[in-house]
Amino acid sequence: MAARARARAAGRGAERATVVRAERELDLPTLRKVVAGRCEVQLGRGRLARVRRAARLIERVASSDRSVYGVNTGFGALAQTPIAREELEHLQRNLVLSHAAGTGAPLPDEVVRLVLVLKIASLAQGYSGVRVATLEALQRLLATESYPCIPAKGSVGASGDLAPLAHLAATLIGVGEVRHAGRVTSALQALERMGLTPLTLAAKEGLALLNGTQVCTALALAALFSIERVFAAALIAGAMSVDALKGSDVPFDDRIHRLRRQEGQQRVAQALRALLSGSRIRASHLACGHVQDPYSLRCQPQVMGACLDLLRQAAAVLVREANAVTDNPLVFEQDDAVLSGGNFHAEPVAFAADQLALAVAEIGSMSERRVALLTDAKMSGLPPFLVENSGVNSGFMVAQVTAAALVSENKLLAHPASVDSIPTSANQEDHVSMAAHAARRLAEMAENAATVVAIELLAAAQGLELHRPLRSSRALEAALRLIRARVPRYTGDRYFAPDIDAARRLVHSGELAQLLAPQVLP
């Protein structure tokens, strides 16, 4: 596995890195590129000048008798404890070491890469009091694809993502581990490879590195991008199922959806109309007398449209958070002020993650119901479990069971994390957001939903082909070709798991999204 990771990294070495310019607002296209591959952050002169001015203000405070939280005091419940001037560097080092108390598997490289970009973007705004040298060390980690090993668990999402960010900060002082090209080395070895020496953190720098919502925001953004691909694939699969089940396109009529006034619903109905347009299968049963389809076919615009609205709302919150300054205290050098507040409280991210959990759970739920329809001969009019000579062949029988199991798993995972709180730090931090695990569970939920949609794609493809020689629409036949390029038609029972894996990879690839009009997922 490590060898394959190194090979992939070597192949990426020739790729052109995405350049993120700190002077510009981060947007969704840029953030998607950061998750996808190599990147670097460039800092302009204006930002660097502001960073230097804020750092000088912290230097003046540290050398004065002025008491400022986190500069010359203890932390959390120890905020009233004054720290002697000669102990300030020791204070920052101790803060990092003591807070690096995370546990669990390390976060994946793409998430750590995004964490680094978000942390640099936040600190570079000049409200945190760090030195340029500290920013440059973070930039070097990013540019050399040297990713700190950050344990996934340990944050409650208030005072920022303290434990995970402490593991990131620890690498700068030569403590902990770093992953590069799939190989884990000590932080000291990694710094030496990059031509750096361990930093001695100046006043407030440890706190600025630890405070912030960058880990939960990165986790939520990475999951958002996965869920977007699952959503797009589910729209394609849903349209294929409508045609395979000889369903009606009347429920997608624009006149119905204009009256509801819900933007997502109208976009989904428009997408379904476009996907089904020109289907010869649909034309073959226009006068069949069938009155209504089950909700999982007929109410796709209402359900998937509501999911789309949630995705868009969550995306807007997460983009704002990606551009936010969320450490504490904040340095306003133009006013000679260092103000202690609570921007580190990640409640907006927790709410957004809970919204995404609801959406992805429903996407999978609707998809599984359509798989159940396709495999039920009484409902579908197709061979039992979508296979000829059923009885000898079980066909899609247990594939539907797998889909049902994953949907139920997602129902448990969808429980809101943000309604939970537990006091920490001797009740100083007495309400927390739980944003980190609200966001972290989304990756598993997205994977579960992708698998359910993959099963539907296989089942719907089988259903469409059982109507041959009739053809579906141009768009859905194109989707069918993408599926068949990876998975052959199911003519008799065979080892099923590789088929599902191949279809899931298609869902994650985003290729199916190219069959949708761009206005569906702008």
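Look up a bit, the structure's there.
Residues numbered from 1 in each chain as written. Predicted model: local features only at pLDDT ≥ 70, side-chain atom pairs only at ≥ 80, totals over all residues. Heavy atoms only, no water.

**Student:** Account for the overall build of the protein chain, naming residues and giving values.
**Tutor:** Of regular secondary structure, the protein chain possesses 21 helices and 9 strands. A principal-axis box enclosing the C-alpha atoms of the protein chain has dimensions of 85 × 50 × 40 Å. Buried positions account for 56% of the 522 residues belonging to the protein chain. When contacts within the protein chain are restricted to residue pairs at least 6 apart in sequence, those whose partners lie at least 24 apart make up 78%. Per element, the accessible surface of the protein chain, about 21900 Å² overall, is 53% carbon and sulfur. Between the mean site of the 58 positive side-chain charges and the mean site of the 50 negative ones, the protein chain shows a separation of 7 Å. (Helix = DSSP H or I, 4+ residues; strand = E, 2+ residues; numbered from the N terminus. Buried < 20%, exposed > 50% of the residue type's maximum accessible area, 1.4 Å probe, protein only. Contact = heavy atoms within 4.5 Å. Areas by Shrake-Rupley, 256 points an atom, 1.4 Å probe, with all protein chains shown as cover. Lys, Arg positive; Asp, Glu negative; His and termini not counted. Charge placed at Lys NZ, Arg CZ, Asp CG, Glu CD.)

**Student:** Can you break down helix α18 (residues 397–413) residue by residue, with the values?
**Tutor:** Three or four residues apart is the spacing at which side chains of an α-helix point the same way, because the helix has 3.6 residues per turn. Its 17 residues place the ends of α18 25 Å apart at the C-alpha level, agreeing with the 24 Å of an ideal helix rising 1.5 Å per residue. Taken together, the buried positions of α18 are Ala399, Gln400, Ala403, Leu406, Val407 and Asn410. With its buried residues spanning 120° around the axis, α18 presents them on a single face. Facing away from the buried side of α18 by more than 90 degrees, the exposed set consists of Val398, Lys411 and Leu412. On the buried face of α18, the contacting elements are α16 (347–375) and α19 (435–465). (Expected span 1.5 Å × (residues − 1). Arc of directions from axis to C-beta.)

**Student:** Can you tell me about the packing of α19 against helix α21 (residues 497–509), naming the residues and giving the values?
**Tutor:** Packing of α19 against α21 leaves a shortest axis separation of 8 Å and a crossing angle of 110°. Of the possible angle classes, the one that applies to α19 and α21 is roughly perpendicular. Crossing angle aside, the handedness with which α19 passes α21 is right-handed. Together, Glu447, Ala450, Thr451, Val453, Ala454, Ile455, Leu457 and Leu458 of α19 and Asp499, Ile500, Ala503, Arg504, Val507 and His508 of α21 make up the contact between the two elements. (Axes fitted to C-alpha atoms, helices over the stretch in contact; angles between N-to-C directions. Parallel < 35°, antiparallel > 145°, perpendicular 65-115°, else oblique. Left-handed = near helix turned anticlockwise from the far one by under 90°.)

**Student:** Can you break down the packing of aromatic side chains residue by residue, with the values?
**Tutor:** Within this structure, the stated rule accounts for 4 aromatic pairs. Centre to centre, the rings of Phe396 and Tyr490 are 5.5 Å apart; their planes meet at 55°, and the pair counts as tilted. One end of the pair, Phe396, is in the loop between α17 (377–380) and α18; the other, Tyr490, is in the loop between α20 (474–484) and α21, and 94 residues separate them in sequence. Comparing Phe396 with Tyr490, the two get one shared label, buried. (Phe/Tyr/Trp six-rings, centres within 6.5 Å; stacked < 30°, edge-to-face > 60°.)

**Student:** Tell me what's going on with helix α12 (residues 263–276), and back it up with residues and numbers.
**Tutor:** Relative to the 20 Å expected for 14 residues at 1.5 Å per residue, α12 spans 20 Å between its end C-alpha atoms, a close match to the ideal helical length. Residues of α12 that are buried include every one of Gly264, Gln265, Arg267, Val268, Ala269, Ala271, Leu272, Leu275 and Leu276, and no others. Elements in contact with the buried residues of α12: α10 (214–244), α11 (254–260), α15 (300–322) and α20. After α12 finishes, the residue Gly278 shows a positive phi value of roughly 90°.

**Student:** Lay out a nonpolar patch on the surface with the relevant residues and their values.
**Tutor:** Judged by side-chain polarity, Met397, Val398 and Val401 come together as a nonpolar surface patch covering roughly 250 Å² of accessible area. Following the sequence through the fold, Met397 ends up in helix α18. (Patch = residues over 30% accessible without salt bridge, like charges linked within 9 Å, V, L, I, M, F, W, Y side chains within 5 Å. Salt bridge = Lys/Arg side-chain N within 4 Å of Asp/Glu carboxyl O.)

**Student:** Could you give an account of the sheet that holds strand β7 (residues 183–186), naming the residues involved and the relevant values?
**Tutor:** Judged by pairing direction, the sheet is antiparallel, and its 3 strands sit side by side in the order β4-β6-β7 without closing on themselves. Of all the strands in the sheet, just β4 (146–148) and β7 have a single pairing partner and so form its edges. Each strand axis lies, on average, 35° off the axis of its neighbour in the sheet, ignoring direction. The sheet contact formed by β4 and strand β6 (residues 177–180) spans 3 bridges and is antiparallel. Bridge pairing in β6 links Ser146 to His180. Contacting β4 and β6, helix α5 (residues 109–123) crosses the sheet at an angle of about 90° to β4. (Pairing = 2+ DSSP bridges.)

**Student:** Can you break down the nonpolar core residue by residue, with the values?
**Tutor:** Membership of the largest hydrophobic core comes to 170 residues, with the highest contact counts inside it found for Leu138, Leu221, Phe231, Met240, Ile363 and Val453. Apart from residues lying up to four places away in sequence, Val453 is in contact with Val230, Ala233, Ala234, Ala237, Ile363, Ser367 and Val507. (Core = buried A, V, L, I, M, F, W, Y, C linked by side-chain atoms within 4.5 Å.)

**Student:** Pulling in residues and values, what's your account of the pairing of strand β2 (residues 39–42)?
**Tutor:** Alternating positions in β2 separate cleanly, Cys39 and Val41 being buried on one face and Glu40 and Gln42 remaining unburied on the opposite face. In terms of strand pairing, strand β1 (residues 18–21) meets β2 through 4 bridges, oriented parallel. Directly across from Arg21, in β2, lies its bridge partner Gln42. At this point the chain moves from β1, through helix α2 (residues 28–36), to the parallel β2, and the crossover so formed is right-handed. (Right-handed = clockwise from strand over helix to strand, strands pointing away.)

**Student:** Run through the environment of Ala169, naming residues and quoting values.
**Tutor:** Relative to the elements of secondary structure, Ala169 occurs in helix α7 (residues 162–172). Separated by 70 residues in the primary sequence, Ala169 and His99 have C-alpha atoms spaced 10.0 Å apart. If we ignore the near neighbours within four places in the chain, the residues touching Ala169 are Val96, Leu209 and Leu210.

**Student:** Can you tell me about the pattern of salt bridges, naming the residues and giving the values?
**Tutor:** Within this structure, the stated rule accounts for 27 salt bridges. Linking Arg258 and Asp254 is a salt bridge whose minimum nitrogen-to-oxygen distance equals 2.4 Å. Of this pair, Arg258 and Asp254 are both found in helix α11, 4 residues apart, which corresponds to roughly one turn of the helix. For Arg258, a relative accessible area of 47% gives the class partly exposed. Through salt bridges with shared partners, one network takes in Arg60, Arg66 and Asp336.

**Student:** Account for the packing of α10 against α19, with residues named and values stated.
**Tutor:** Think of two packed helices as two axes; the pair is described by the angle between the axes and how far apart they sit. The N-to-C vectors of α10 and α19 enclose an angle of 20°; their axes lie 8 Å apart at closest approach. Taken as axis vectors, α10 and α19 run roughly parallel relative to one another. Crossing angle aside, the handedness with which α10 passes α19 is left-handed. Class assignment of the residues belonging to the contact of α10 with α19 gives a composition of 24 nonpolar, 4 polar and 3 charged. (Nonpolar A, V, L, I, M, F, W, Y, C, P; charged D, E, K, R; others polar.)

**Student:** Describe in detail the environment of Leu286, supporting the description with residues and values.
**Tutor:** Relative to the elements of secondary structure, Leu286 occurs in the loop between α13 (280–283) and α14 (295–298). Exposure remark for Leu286: the relative accessible area of 58% places this residue in the exposed category. It is 9.7 Å that separates the C-alpha atoms of Leu286 and Gly247, two residues lying 39 residues apart in sequence.

**Student:** Lay out the side chain of Thr171 with the relevant residues and their values.
**Tutor:** One can find Thr171 in helix α7. Within the structure, the side chain of Thr171 is placed 2.6 Å from the backbone oxygen of Leu168, a separation counted as a polar contact. Every residue in contact with Thr171, bar those within four places of it in the chain, is listed here: Leu141, Pro148, Glu177, Val178, Ala187 and Leu191. (Polar contact = N/O pair within 3.5 Å; in protein donor to acceptor, adjacent residues only side chain to side chain.)

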